[in-house]
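# Report on the structure
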Amino acid sequence: MAATISLNGNKSIGTVMQEFNRIYPYLTIWLYSDKEEAKKASWNYIDFDKTISDSRNKRGKDISILAHESIGEIESKFVKELGIFANICFRNSDGKWFYSGDISDKLTLLELNTKCSQENCLYGEWK
């Protein structure tokens with residue numbers, strides 16, 4: 001299941017989210033211009049057609065998301081290298097959203113996806 005997702009400024013937010021969800025079906029990645037926007041935003045707020053270049057507030061460089069990287073490393077890489085804020089989250093069996101943080105920030109994408117699968121989190125099929 002381990003796969004690499006390559007990102008650059010020309011990819012749309014929707015494409016990134018779709019590729020991510022195809023590889024990590026129990027996880028979702030939300031992308032925002034900055035942390036303040038993420039605090040106020042919801043799923044309905046995301047402009048899926050916008051490119052990363054159009055969304056970020058500083059110039060960035062191409063990156064890859066690797067399965068063995070921790071959630072915290074990936075979210076940090078998005079901000080520092082790509083110039084956009086990323087939040088990796090999942091939904092429990094009741095449908096409630098949880099954002100990475102504390103313990104899950106130390107897990108790799110593969111570990112968190114497996115953990116969510118074992119704990120009956122909702123399968124996040126892209127729509």
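Above: the structure in question.
One numbering rule holds for all chains: residues counted from 1, following each sequence as written. Residues qualify for local features only when their pLDDT is at least 70, as the model is predicted, and side-chain atom pairs are given and counted only at 80 or more; totals for whole chains, interfaces and linings, by contrast, use all residues. For the side-chain quantities, the full set of heavy atoms in the structure was used; hydrogens and water were omitted.

Take the overall build of the chain next. Elements are defined by DSSP. Helices are runs of H or I of four residues or more, strands are runs of E of two residues or more, and each kind is numbered from the N terminus. When you go through the chain residue by residue, the secondary structure sums to six helices and five strands. When the elements of the chain are put in sequence order from the N terminus, they spell out β-α-β-α-α-β-α-β-β-α-α.

This part covers the pairing of strand β1 (residues 4-7). Relative accessible area decides the class of each residue, using a 1.4 Å probe on protein chains only: under 20% of the type maximum gives buried, over 50% gives exposed, and in between gives partly exposed. Only one face of β1 is covered, namely the face carrying I5 and L7; the face carrying T4 and S6 is uncovered. As judged from the four bridges shared by β1 and strand β3 (residues 63-66), these two strands associate in the antiparallel manner. For I5, the partnering residue across the bridge sits in β3 and is I65. DSSP-based pairing: two strands are paired if at least 2 bridges between them are found.

Core analysis: the largest hydrophobic core is formed by 33 residues, its most contacted members being L7, F20, L27, F78 and L109. Where this core is concerned, the elements lending two or more residues are β1, α1 (13-23), β2 (28-32), β3, α4 (71-82), β4 (85-91) and α6 (109-118). Every residue in contact with F20, bar those within four places of it in the chain, is listed here: I5, L27, T28, I29, I65, I88 and L109. To qualify as a nonpolar core, a set must consist of buried Ala, Val, Leu, Ile, Met, Phe, Trp, Tyr and Cys residues joined through side-chain atoms within 4.5 Å. Throughout, a contact is declared for two residues whenever any of their heavy atoms are within 4.5 Å.

Only the six-membered ring of Trp is used, alongside the rings of Phe and Tyr, when aromatic pairs are assigned; centres must lie within 6.5 Å, and planes under 30 degrees apart are stacked while those over 60 apart are edge-to-face, with the rest tilted. In the structure shown here, the tally under the stated rule is three aromatic pairs. Ring geometry for Y26 and Y123: centres 5.3 Å apart, planes at 90°, overall edge-to-face. Of this pair, Y26 sits in the loop between α1 and β2 while Y123 sits in the segment after α6, and the two are 97 residues apart along the sequence. The class of Y26 is buried, set by a relative accessible area of 18%.

Moving on, we get to α1. Because each turn of an α-helix spans 3.6 residues, side chains separated by three or four positions end up pointing in the same direction. By the burial criterion, the buried members of α1 are I13, G14, V16, M17, F20, N21 and I23. Of the surrounding elements, those touching the buried residues of α1 are β1, β2, α3 (52-55), β3, β4 and α6.

Looking now at α6. The complete set of buried residues in α6 reads L109, L112, N113 and C116. Viewed along the axis of α6, the buried residues span an arc of 100°, placing them on a single side of the element. Residue N120 follows α6 closely and has a positive phi angle near 60°. Throughout, the arc means that of the directions going from the helix axis to the C-beta atoms.

Further remarks concern the side chain of E75. Among the structural elements, E75 can be located in helix α4. Given the relative accessible area of 13%, E75 is considered buried. Reaching out from E75, the side chain makes a polar contact with the backbone nitrogen of I88 at a distance of 2.8 Å. Polar contact is defined as a pair of N or O atoms within 3.5 Å, subject to the rule that within protein one atom must be able to donate a hydrogen and the other to accept it, and that residues adjacent in sequence are counted only when both atoms are side-chain atoms.

Quick look at the sheet that holds strand β5 (residues 97-99) now. One open sheet accounts for three strands, arranged β2-β4-β5; its pairing is antiparallel. Strand pairing shows two members of the sheet lacking a second neighbour, β2 and β5, which therefore form its edges. The mean inter-strand angle of the sheet, taken between neighbouring strand axes irrespective of direction, is 35°. Two strands pair when backbone bridges link them, and β4 and β5 are joined in this way by three bridges, in the antiparallel orientation. When the sheet's bridge partners are listed, R91 is paired in β5 with W97. Orientation is described by axes fitted as lines to C-alpha atoms, over the contacting stretch for helices, and by angles from 0 to 180 degrees between their N-to-C directions.

Glancing now at the pattern of salt bridges. Any Lys or Arg side-chain nitrogen found within 4 Å of a carboxyl oxygen on Asp or Glu counts as a salt bridge. All chains considered together, the criterion is met by three salt bridges. When the shortest N-O distance is used, the salt bridge between E19 and K11 registers 2.7 Å. Between E69 and K77 there is a salt bridge, with its nearest N and O atoms 2.7 Å apart. Across the pair, K77 and E69 agree in class, each one buried.

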